[in-house]
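Commentary on secondary and tertiary structure
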Amino acid sequence: MGLVGVQGDGNGEMALSLGSKNKYKRMDSELSDDFEDDASHHQHQLERKKSTRKYVLACAIFASLNNVLLGYDVGVMSGAIIFIQEDLKITEVQEEVLVGILSIISLLGSLAGGRTSDVIGRKWTMAFAAIVFQIGAAIMTLASSFEVLMIGRVLAGVGIGFGVMIAPVYIAEISPTVDRGSLTSFPEIFINLGILLGYVSNYAFSGLSVHINWRVMLAVGILPSVFIGFALFIIPESPRWLVMQNRVEEARSVLLKTNENDKEVEERLSEIVAAAGISNGEKNEEKAVWRELLSPSPSLRRMLITGFGIQCFQQITGIDATVYYSPEIFHDAGIVNKSKLLAATVAVGVTKTAFILIATFLVDRVGRKPLLYVSTIGMTVCLFTLSISLAILGKGQLGVAMALLCVCGNVAFFSVGMGPVCWILTSEIFPLRLRAQASALGAVGNRVCSGFVAMSFLSLARTITVGGTFFLFSLFSALSVAFVYKLVPETKGKSLEQIELLFQNHNEWDGSEMELGDAQHLVHKA
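A few points on the structure. (Residues numbered from 1 in each chain as written. Predicted model: local features only at pLDDT ≥ 70, side-chain atom pairs only at ≥ 80, totals over all residues. Heavy atoms only, no water.)

Some thoughts on the overall build of the chain
When you go through the chain residue by residue, the secondary structure sums to 21 helices and two strands. Looking at the chain residue by residue over its 526 residues, the buried ones come to 56%. Excluding contacts between residues fewer than 6 apart, the proportion of contacts in the chain whose partners are at least 24 apart in sequence is 81%. By element, 65% of the accessible surface of the chain is carried by carbon and sulfur atoms, the whole surface being about 22000 Å². (Helix = DSSP H or I, 4+ residues; strand = E, 2+ residues; numbered from the N terminus. Buried < 20%, exposed > 50% of the residue type's maximum accessible area, 1.4 Å probe, protein only. Contact = heavy atoms within 4.5 Å. Areas by Shrake-Rupley, 256 points an atom, 1.4 Å probe, with all protein chains shown as cover.)

As structure tokens, then:
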């Protein structure tokens, strides 16, 4: 009995000791079970987080495929137009119209896209955009005259207009707040990827006969839209659109797939329902959307000025002229060989695509406004330097080097800020009930300015020289710095519903935080 360690009834003590040991074992077992439950719960949360992020990422990628079409068209036309001019014997004015008409016509798609997406949904608007573009691209590929080419160009422009306005809206509406900026920049990434593919296509097929090469270049643009058909089986409808249709349970189901925890799902759903003006399943009576846009409240007026203004500045700083007419810019600097011209444009495309990835990494870390400052100031310097270089250095090796450096620098600074942040802001700042059509209005401003720049560049360059034209762009770029400082708020880290409050309290734009709980009590004025 010495093993028991105490005097007395050995069996009793032994029984007590064993009972005591059993007690401790039970406690240890309970603690172990609790620990295992916590570990299991933590593991489940990690798995859900990974699954959610993969799902949202896939949705953002597929939603952005239409933007590849826009980018590809912009990139490929810069080289294809050289061979179209040679094959179809078009004039310089026809060249300007052919290049610029896509931007002008795409505004029709953007205008119609807002209303269409409110009626049939964001998802099916993207599908419609892809179909219209495919038809237009096929007609362009088979065109035997300038007139037929223009018909295809018009249809392609309408399709692009639908796609370019709806993708940022859709992504902003499905994205978690913490990742919304980087995910909403995906359309701009895909535009840049499309531009690069267009440049590569120019270089790859330039060796074919003049009658065939530009047709092949344009035909390749049909391929990205084919993948959009597969995307429709993967991506869900926007939860915010579903709420607008009073399909709240379906919206909850989508939010459960795109948010990491159930509590956040319910919070977001409550905010969306309040923002949509739906209480207890009933819609409030409100003015028609366009009446409200044409007669805006002070807060909505600030949103419209910010959204429309940033879209216009994105284009009047000359980015489309730089991309569409980069061969002409480099020719003016002294590069004569066509293959070298197209190779130089590939370098521009690589630069543009590489720097958009930097913006995607930084936009949710440093914020929208700092990136816009870096972008607009850098663009101003590059555009001004390019204008001086073309005017003074002439056609020598130094002039070519400076032109290449400045053009690449300009597209790099554009891609870091003005390119993606412009679309992020216009998809974030408008109230839910107005978002699609107000974003469409911003896209119209973007497309009009793009078309104006593209259709006037050659004529303007002949009048005031290429250097003088880029000096004009540098002045607009300098104005954009002031616009960002005065009229663009920081929206990083705020839900879409909280951003609406930010515009209602515009005196708090200087970095001060909003009362986040106020989003629960959003009411919209008629």
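With respect to the nonpolar core
Counting 119 residues, the largest nonpolar core has Ile84, Leu149, Phe457 and Phe470 as the members making the most contacts within it. Taken domain by domain, the makeup of this core includes at least three residues from each of domain 1 (48-235) and domain 2 (292-504). Apart from residues no more than four positions distant in its own chain, Ile84 is found in contact with Met77, Lys89, Ile90, Leu98, Leu149 and Trp214. By size, the runner-up hydrophobic cluster in this structure holds twelve residues, among which are Leu242, Met244, Val254 and Ile272. (Core = buried A, V, L, I, M, F, W, Y, C linked by side-chain atoms within 4.5 Å. Domains from an automatic or database assignment.)

Section: empty space enclosed by the protein
Picture a little ball the size of a water molecule; that probe, rolled over the atoms, points out where space is still empty. Across all of its chains, the model carries five cavities of 30 Å³ or more by this definition. In this structure, the largest cavity encloses a volume near 160 Å³. Together, 16 residues line the largest cavity, and Glu188, Ile191, Gln315, Asp320 and Arg447 are the ones closest to its centre. When contributions to the lining of the largest cavity are tallied by element, the ones reaching two or more residues are helix 2 (65-88), helix 7 (186-205), helix 14 (298-316), helix 15 (319-324), helix 19 (397-428) and helix 20 (432-487). With four residues, the top contributor of residues to the lining of the largest cavity is helix 15. Residue composition of the lining of the largest cavity, grouped by class: nine nonpolar, three polar and four charged. Its volume calculated, the second largest cavity comes out at about 70 Å³. In terms of residue count, helix 5 (residues 146-174) provides more of the lining of the second largest cavity than any other element does, three residues in total. Broken down by class, the residue content of the lining of the second largest cavity amounts to five nonpolar, four polar and four charged. (1 Å grid on protein atoms, 1.4 Å probe; cavity = no way out; pocket = protein on both sides within 12 Å on 5 of 7 lines; lining within 4 Å. Points joined across faces, edges and corners; volume = space filled by probe spheres on them. Nonpolar A, V, L, I, M, F, W, Y, C, P; charged D, E, K, R; others polar.)

Describing the packing of helix 4 (residues 122-142) against helix 5
Running from N to C, helix 4 and helix 5 point in directions that differ by 155°, and their axes come no closer than 7 Å. Our classification of the angle between helix 4 and helix 5 gives roughly antiparallel. Read as a crossing pair, helix 4 and helix 5 show a hand that is left-handed. A breakdown of the residues in the contact of helix 4 with helix 5 according to their chemical character gives 19 nonpolar, five polar and three charged. (Axes fitted to C-alpha atoms, helices over the stretch in contact; angles between N-to-C directions. Parallel < 35°, antiparallel > 145°, perpendicular 65-115°, else oblique. Left-handed = near helix turned anticlockwise from the far one by under 90°.)

Describing the pattern of salt bridges
Taken as a whole and judged by the stated rule, the model has eight salt bridges. A salt bridge links Arg122 to Asp118; its shortest N-O distance comes to 2.9 Å. With a relative accessible area of 0%, Arg122 lands in the buried category. For Asp118, a relative accessible area of 10% puts it in the buried group. Put simply, Arg122 and Glu173 hold a salt bridge, and the shortest N to O gap is 3.0 Å. On the criterion of sequence distance, the pair formed by Arg122 in helix 4 and Glu173 in helix 5 is long-range, its members being 51 residues apart. Across the pair, exposure class does not vary: Arg122 and Glu173 are buried alike. Sharing partners across several salt bridges, the network here consists of Asp118, Arg122 and Glu173. (Salt bridge = Lys/Arg side-chain N within 4 Å of Asp/Glu carboxyl O.)

Some remarks on the environment of Ile105
If you trace the backbone, Ile105 turns up in helix 3 (residues 92-120). The residues contacting Ile105, other than those within four sequence positions of it, are Val154, Gly157 and Val158.

Overview of the packing of helix 2 against helix 8 (residues 210-219)
Running from amino to carboxyl end, helix 2 crosses helix 8 at an angle of 160°, the nearest separation of the two axes being 9 Å. In terms of orientation, helix 2 lies roughly antiparallel with respect to helix 8. By crossing handedness, the relation of helix 2 to helix 8 is classed as left-handed. Contact residues: Tyr72, Val76, Met77, Ala80, Phe83, Ile84, Glu86, Asp87 and Leu88 in helix 2; Val210, His211, Asn213, Trp214, Arg215, Met217 and Leu218 in helix 8. Its residues assigned to classes, the contact of helix 2 with helix 8 shows eleven nonpolar, two polar and three charged.

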